[in-house]
Amino acid sequence: AQSVTQLGSHVSVSEGALVLLRCNYSSSVPPYLFWYVQYPNQGLQLLLKYTSAATLVKGINGFEAEFKKSETSFHLTKPSAHMSDAAEYFCAVSSNSGGYQKVTFGIGTKLQVIP
Amino acid sequence: EAGVAQSPRYKIIEKRQSVAFWCNPISGHATLYWYQQILGQGPKLLIQFQNNGVVDDSQLPKDRFSAERLKGVDSTLKIQPAKLEDSAVYLCASSFRGSNEKLFFGSGTQLSVL
């Protein structure tokens, strides 16, 4: 069985400060890993995706995430927070289960950016 | 490119009533997903279709929830009868082939059961 743990359901940062959202995963087979963002009253949008091509993955809006197999982590970072980054962020893992790809989402981390 | 369309956007019903949600995925996408997102939680997969066949409905409460995908395109999710704990946002998503690819989400249907 696969699972995702997101540490910290709420994170607050000052505008211009580093953003770090934590994600740890569990999977018995090599996984695909994703970060999605959800703005208020909208559906989820893909920020970035890990597919084993490179451990450091760059996404949209200046976000990036690093895959660390030894730590089973896929933390999301951004060097400088912007007010428009305020949203909820979901980490997700996808792996083959019973002959098809199954994706599991974490509980989400709500990011607040303080001016 | 048109996105995933869902309707209605909001629905308020009383417990024991029935409700249906509709989803039109992106054209050409083989895989369609229905997720339930309860406030404060991540999306939980209810059912996953590959074309018009079900590949995963292990978390679908089959005594009250049903879903179908017509001709491998549109899909409807029905709840009958609704319970208070069904209050949630119901998200539809689609992907070209499978869930190792990018999922495209609709805006969701917010259901309130009173």
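Computed from a predicted structure; not experimentally measured.

A. The arrangement of the overall build of chain A in detail. The secondary structure content of chain A amounts to 0 helices and 11 strands. When the helices and strands of chain A are listed from N to C terminus, the series reads β-β-β-β-β-β-β-β-β-β-β. Rg of the C-alpha trace for chain A: 14 Å, near the compact-globule value of 13 Å for 115 residues, within the 12% margin. Taken along the three principal axes of its C-alpha coordinates, chain A extends 45 × 30 × 20 Å.

B. Structural context of the nonpolar core. Counting 27 residues, the largest nonpolar core has Trp-35, Phe-74, Leu-76 and Tyr-89 of chain A as the members making the most contacts within it. Mapped onto this core, the elements with two or more residues apiece are strand 2 (10-14), strand 3 (19-26), strand 4 (32-38), strand 5 (44-50), strand 7 (64-68), strand 8 (73-78), strand 9 (87-97) and strand 11 (109-114) of chain A. Of all hydrophobic cores here, the second largest spans 21 residues; its members include Ile-26, Leu-32, Phe-65 and Ala-88 of chain B.

C. Quick look at the confidence of the model for chain B. The predicted model of chain B averages 93 in pLDDT, with 97% of residues at 70 or higher. Looking at the elements of chain B, mean pLDDT is at its lowest for strand 6 (residues 53-56) of chain B, recorded as 90, and at its highest for strand 8 (residues 75-79) of chain B, recorded as 98.

D. View of the state of the cysteines. Applying the stated criterion to the full structure yields 2 disulfides over all chains. The disulfide partner of Cys-23 of chain A is Cys-91 of chain A, and the S-S distance across this bridge is 2.0 Å. Disulfide Cys-23 of chain A to Cys-91 of chain A: torsion about the S-S bond roughly -65°, handedness left-handed. A residue pair is termed long-range when its members are at least 10 positions apart, and Cys-23 of chain A in strand 3 and Cys-91 of chain A in strand 9 qualify at 68 residues. Assessed through its relative accessible area of 0%, Cys-23 of chain A is described here as buried. In this model, Cys-23 of chain B is linked to Cys-92 of chain B through a disulfide, with the two sulfur atoms separated by 1.9 Å. Here the disulfide of Cys-23 of chain B and Cys-92 of chain B is left-handed, its torsion about the S-S bond being about -70°. Of this pair, Cys-23 of chain B sits in strand 3 (residues 19-24) while Cys-92 of chain B sits in strand 9 (residues 88-95), and the two are 69 residues apart along the sequence. Classification of Cys-23 of chain B by relative accessible area gives buried; the value is 0%.

E. Quick peek at the pattern of salt bridges. Applying the stated criterion to the full structure yields 5 salt bridges over all chains. Between Asp-85 of chain A and Lys-78 of chain A there is a salt bridge, with the nearest N and O atoms lying 2.9 Å from each other. Across this residue pair, the class does not change: Asp-85 of chain A and Lys-78 of chain A are buried. The salt bridge involving Arg-64 of chain B is made with Asp-86 of chain B; its shortest N-O contact spans 2.5 Å. With Arg-64 of chain B in the loop between strand 6 and strand 7 (65-69) and Asp-86 of chain B in the loop between strand 8 and strand 9, the pair connects residues that are 22 residues apart, well separated along the chain. Taking the relative accessible area as the measure of exposure, Asp-86 of chain B reaches 2% and is therefore buried.

About the cut-offs
Residues numbered from 1 in each chain as written. Chains lettered and ligands numbered in written order. Predicted model: local features only at pLDDT ≥ 70, side-chain atom pairs only at ≥ 80, totals over all residues. Heavy atoms only, no water. Helix = DSSP H or I, 4+ residues; strand = E, 2+ residues; numbered from the N terminus. Rg over C-alpha atoms; globule rule 2.2 N^0.38 Å. Core = buried A, V, L, I, M, F, W, Y, C linked by side-chain atoms within 4.5 Å. Buried < 20%, exposed > 50% of the residue type's maximum accessible area, 1.4 Å probe, protein only. pLDDT = per-residue confidence, 0-100. Disulfide = S-S within 2.5 Å. Salt bridge = Lys/Arg side-chain N within 4 Å of Asp/Glu carboxyl O.

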